[in-house]
Amino acid sequence: GAVVSQHPSWVICKSGTSVKIECRSLDFQATTMFWYRQFPKQSLMLMATSNEGSKATYEQGVEKDKFLINHASLTLSTLTVTSAHPEDSSFYICSASDLQGDEQFFGPGTRLTVL
Amino acid sequence: QKEVEQDPGPLSVPEGAIVSLNCTYSNSAFQYFMWYRQYSRKGPELLMYTYSSGNKEDGRFTAQVDKSSKYISLFIRDSQPSDSATYLCAIIVGFKTIFGAGTRLFVKA
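Residues numbered from 1 in each chain as written. Chains lettered and ligands numbered in written order. Predicted model: local features only at pLDDT ≥ 70, side-chain atom pairs only at ≥ 80, totals over all residues. Heavy atoms only, no water.

Novice: Please explain the interface of chain A and chain B as it appears in this structure.
Specialist: Accessible area lost during the coming together of the parts is what is often quoted as the interface size. Contact residues are listed per partner, giving 18 residues for chain A and 18 residues for chain B. For the pair chain A and chain B, the two sides together bury roughly 1400 Å², of which 55% comes from carbon and sulfur. Taken together, chain A and chain B are joined by zero salt bridges. Of all the secondary-structure elements, those providing two or more residues to the side of chain A that touches chain B are β4 (32-38) and β9 (90-97) of chain A. (Contact = heavy atoms within 4.5 Å. Buried area = accessible area lost by both parts, 1.4 Å probe. Salt bridge = Lys/Arg side-chain N within 4 Å of Asp/Glu carboxyl O. Helix = DSSP H or I, 4+ residues; strand = E, 2+ residues; numbered from the N terminus.)

Set out below in structure tokens:
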């Protein structure tokens, strides 16, 4: 199957700093990328959907100014958590789908801890 | 009411048992039904997907969909300790995937 990578796999930062998470599709062109957040023992919650070259579509309740998403190429999307706070600590997972869109391929996730 | 309901468990079974995992959904417009497996601190991996009512088999795994009852199931035969993970059902409508809460499964050797 297709491979999606994320970097970093884990990050610890101080409150008030910004953190950037990268999501790359390694062997296919990701027309659409999705960003999810998963709190402990909870399911994945979709934060936003981004199509290459256009602005991301955010789910209700997700602050677009706090979670900046860039999908500038068909193989790379980034999520920047701005002015992170302890309540932003979570497991962030990206997924990508190609033009057919039948299947999402998930990255391994990034664990963010904000002190 | 959540769009997808799934019992979070945990579910603990002995090795070799048949495991039944279930979800219910509320929206008849849902098009695709999927099951993902997620190991601790890892991203989900797709196990099976289907879009029609009935059964679909893949090795020890069988996915079952009953659209009339809005009920989907995943059966695992001859369960192994390596099957211990969280299993998430997921339902696609349009371009959006909606996940169940996930059921944590423990298979004891």
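From this point, the narrative continues.
Novice: Explanation requested: the packing of aromatic side chains in the structure shown.
Specialist: Aromatic ring pairs: the centre-centre distance and the angle between the two ring planes describe each pair. Taken as a whole and judged by the stated rule, the model has ten aromatic pairs over all chains. Here Tyr36(A) and Phe99(B) contribute two aromatic rings whose centre-to-centre distance is 5.5 Å and whose plane-to-plane angle is 85 degrees, an arrangement assigned as edge-to-face. Of this pair, Tyr36(A) sits in strand β4 while Phe99(B) is found in strand β10 (residues 96-99), placing the two residues in two different chains. With respect to burial, Tyr36(A) and Phe99(B) carry one shared label: buried. Taken together, a centroid distance of 5.5 Å and an interplanar angle of 50 degrees make the contact between Tyr36(B) and Phe99(B) tilted. (Phe/Tyr/Trp six-rings, centres within 6.5 Å; stacked < 30°, edge-to-face > 60°. Buried < 20%, exposed > 50% of the residue type's maximum accessible area, 1.4 Å probe, protein only.)

Novice: I tried to follow the pairing of strand β7 (residues 67-73) of chain A on my own but got confused; where do I start?
Specialist: Side chains on a regular strand alternate between the two faces of the sheet. Residue and element names in this part refer to chain A. Across five bridges, the pairing between β7 and strand β8 (residues 76-81) is antiparallel. The partner of Ser-73 across the bridge, within β8, is Leu-76. The antiparallel pairing of β7 with β8 creates a hairpin that spans two residues between the two strands. (Pairing = 2+ DSSP bridges.)

Novice: Just to check I follow, could you spell out the state of the cysteines for this structure?
Specialist: Formally, a disulfide is one covalent bond, and it connects the sulfur atom of one cysteine to the sulfur atom of another. A complete count under the given rule lists two disulfides over all chains for this structure. Disulfide pairing is shown between Cys23(A) and Cys94(A); the S-S distance is 1.9 Å. Torsion about the S-S bond of the Cys23(A) and Cys94(A) cystine: about 80 degrees, corresponding to right-handed handedness. Of this pair, Cys23(A) sits in strand β3 (residues 19-25) while Cys94(A) sits in strand β9, and the two are 71 residues apart along the sequence. Given the relative accessible area of 0%, Cys94(A) is considered buried. In this model, Cys23(B) is linked to Cys89(B) through a disulfide, with the two sulfur atoms separated by 2.0 Å. (Disulfide = S-S within 2.5 Å.)

Novice: What am I meant to see in the sheet that holds β3(A) here?
Specialist: Remark on secondary structure: sheet strands pair via backbone hydrogen bonds, oriented parallel or antiparallel. Residue and element names in this part refer to chain A. A sheet is described by the order of its strands in space; here four strands give the open sequence β1-β3-β8-β7, paired in antiparallel fashion. Of all the strands in the sheet, the pair left with one neighbour each is β1 (4-7) and β7. Each strand of the sheet is rotated relative to its neighbour by a mean of 15 degrees, with strand direction disregarded. Bridge count for β3 against β8 is six bridges, and the pairing is antiparallel. By the bridge assignment, Arg-24 is partnered in β8 with Leu-76. (Axes fitted to C-alpha atoms, helices over the stretch in contact; angles between N-to-C directions.)

Novice: Honestly, a nonpolar patch on the surface in this entry has me stumped. Any pointers?
Specialist: All names here are of chain A. Taken together, Trp-10, Ile-12 and Leu-115 make up a surface patch of nonpolar side chains, about 390 Å² in accessible area. Examined against the element boundaries, Leu-115 turns out to sit in the segment after β11 (110-114). Taking relative accessible area as the criterion, Leu-115 reaches 62% and is therefore assigned exposed. (Patch = residues over 30% accessible without salt bridge, like charges linked within 9 Å, V, L, I, M, F, W, Y side chains within 5 Å. Areas by Shrake-Rupley, 256 points an atom, 1.4 Å probe, with all protein chains shown as cover.)

Novice: In this structure, what is going on with the pattern of salt bridges? I would like to understand it.
Specialist: A side chain of one charge can pair with a side chain of the opposite charge when the charged atoms of the two come close. Residues and elements named next belong to chain A. Considering all chains together, one arrives at five salt bridges over all chains under this definition. Between Arg-24 and Glu-22 there is a salt bridge, and its shortest N-O distance comes to 3.4 Å. A relative accessible area of 24% places Glu-22 in the partly exposed class. When the shortest N-O distance is used, the salt bridge between Lys-66 and Asp-88 registers 2.9 Å. Placement of Lys-66 in the loop between β6 (57-58) and β7 and of Asp-88 in the loop between β8 and β9 is noted, with a sequence separation of 22 residues between them. Side by side, Lys-66 and Asp-88 carry an identical accessibility label, which is buried.

Novice: Could you clarify how one ought to interpret the sheet that holds strand β8 (residues 71-76) of chain B in this entry?
Specialist: Residues and elements named next belong to chain B. Strand order in the open sheet formed by five strands is β1-β3-β8-β7-β6, with antiparallel pairing between adjacent strands. Since the sheet does not close on itself, it has two edges, and those belong to β1 (4-6) and β6 (54-58), each with one partner. Shown here is a sheet whose adjacent strand axes are inclined to one another by a mean of 20 degrees, direction ignored. Bridge analysis of β6 against strand β7 (residues 61-66) gives five bridges, and the strand direction is antiparallel. When the sheet's bridge partners are listed, Lys-56 is paired in β7 with Ala-63.

These figures come from the coordinates and say nothing about function on their own.
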